[in-house]
Amino acid sequence: MRKGTLTRRGFLKGTTIGAASLALAACAAPVAAPASGEDTTAEMAPVDIDVWTGWTEGAADKIEQILDGYNQSQTSVRAHHVVVAGGMTQKLLAGIAANEGPTTAVVFGAAIAYQLAANEALLALDGLGNPDQVQTLRDWMHPAIWDLGTYQGNFYYASMWNQSMGTFVNLDLAEAAGVDVDNPPETLEELVDVWEQMTTYDSDGNIDVLGGDFNWNAMIMGRFQGQFVQDETTVTANHPNNVKALEWNTSVWERFGVDKMQSYQASLQGASGRSRGLAPFLAGVRATETTGPWRFNSMRDYANEDFRFTVWPFPKPTGYETRGMYTYGDGWIVPVTAPEPEAAWEIISVMTGATGDRDTYTSLFITWLCVNNPVSEGMQDHPLFRDEVIGACPGFTDIFMDDLYNSDYYLYPPKVPTSSSYNSLLGAEWQKAYLGEKSPQEALDFVQEEAQKELDLWLDQSS
């Protein structure tokens, strides 16, 4: 099926309505009811808290709009955005050592939370709320997203949204290549066939328009149902399914020619998804782009009005009956030195949609259009979310939400205290393989040996 074929002009009509509706909703947002037994005879001053995030520039502006909406939705907490540009883990640890720092922070991915929890730097959220509050949050979240937030039996990390994958398709380029856009590829191997069909070359044989490729190692490993670790002491970088994933990635580059792919990538140096002229997919020098639902936002901002697109599922490998996926979230943590931990619980509960006015949670996905998936399937039934988010992003429900909520296997960042360095090493060796400098097995064997050594050393030193 064609999933919501649309031009940017039609796309913008829906999103303009959404912004107006959100503004009205914020003005009319009800104040949260007081807790049972609370004295309401005197007006209580709101608790002021700092919220650290790593978003900068335009993204930081969106976060500030979202927090302003939260502040307007209730009277008990006033959240102030503090931009921490780089080094979040180190700055949080330094603040904790000095008995300073924020009430809460939003970090890029659960791996940071695992590392901080291993260093005893975080409060367990399931010990912060009372049992009824914790159960409300747990019942609300998709089970896989709750599991993502756990480390060594406690819940430390509350995603505010979660990633999934789909393949955006430039309809003009696809139709020019004779691709049947109404019948998406059913396997990764079929997708590569379509990429080849849509790739064009200049007179010198260099790639002019690339049909597509995909090198995000964790996302590919998720599709192949790979594994980072067996348990908190055992790295599994060279797991057989990880090898299969890297072999697939390597085969794509071999098929198009490593030299040609490198030349094509070099020609895009400086390109960004956040501009009209430099975004390869929007500029028409890529026929497809496999990415997350956040692409809808950049399309709203930067695509030409007549740009036509559709979205396909990012398929399973051949021979896999069940579907695997990878997600890492962007989510809330509370440092052990948090000055107002109860206020942290309140903002986390509302900004995951578990409690409060769900128009406020919806604001995340309108301000930053369809940026990711909500943490609960239940948001699909919320009127504002259904009309102004799902209605504005064709394929959001049956491509992206389906990928997150209905997969059979979930891969998370490695739940070990050395997660970041492990991921960095994996990324470097993964690239060497698809560039033809190492075989997939050699690359992953090297990661296995080095990542296990580092984990063993950390465990020895912390015991």
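Residues numbered from 1 in each chain as written. Predicted model: local features only at pLDDT ≥ 70, side-chain atom pairs only at ≥ 80, totals over all residues. Heavy atoms only, no water.

A. Spatial organisation of empty space enclosed by the protein. For the structure on display, the rule yields 1 cavity of 30 Å³ or more. Put simply, the largest cavity is a space of about 70 Å³. Considering the residues around the largest cavity, the lining is formed by Val51, Thr53, Trp55, Ile63, Ile66, Leu67, Val106, Met160, Trp332 and Met351. Those elements that place two or more of their residues in the lining of the largest cavity are strand S2 (47–53) and helix H2 (57–73). (1 Å grid on protein atoms, 1.4 Å probe; cavity = no way out; pocket = protein on both sides within 12 Å on 5 of 7 lines; lining within 4 Å. Points joined across faces, edges and corners; volume = space filled by probe spheres on them. Helix = DSSP H or I, 4+ residues; strand = E, 2+ residues; numbered from the N terminus.)

B. Local environment of the state of the cysteines. Going through the model one piece at a time under the given rule, you end up with 1 disulfide. Between the sulfur atoms of Cys370 and its disulfide partner Cys393 the distance amounts to 2.0 Å. On the sign convention where negative means left-handed, the S-S torsion of about 100° between Cys370 and Cys393 marks this disulfide as right-handed. Here Cys370 is found in the loop between helix H16 (358–367) and helix H17 (383–388), whereas its partner Cys393 is found in the loop between H17 and helix H18 (396–405), with 23 residues between them in sequence. (Disulfide = S-S within 2.5 Å.)

C. Region of the structure containing the pattern of salt bridges. With the rule as written, the count across this model stands at 15 salt bridges. The partner of Asp213 in a salt bridge is Arg286, and the shortest N-O contact between them spans 2.9 Å. Here Arg286 lies in the loop between helix H13 (280–283) and strand S13 (288–291) and Asp213 lies in the loop between strand S10 (207–209) and helix H10 (217–223), a separation of 73 residues in the sequence. On the basis of relative accessibility, which here comes to 5%, the residue Asp213 falls in the buried class. The shortest N-O distance in the salt bridge between Glu289 and Arg295 comes to 2.8 Å. For the pair shown, Glu289 and Arg295 are each scored as buried. (Salt bridge = Lys/Arg side-chain N within 4 Å of Asp/Glu carboxyl O. Buried < 20%, exposed > 50% of the residue type's maximum accessible area, 1.4 Å probe, protein only.)

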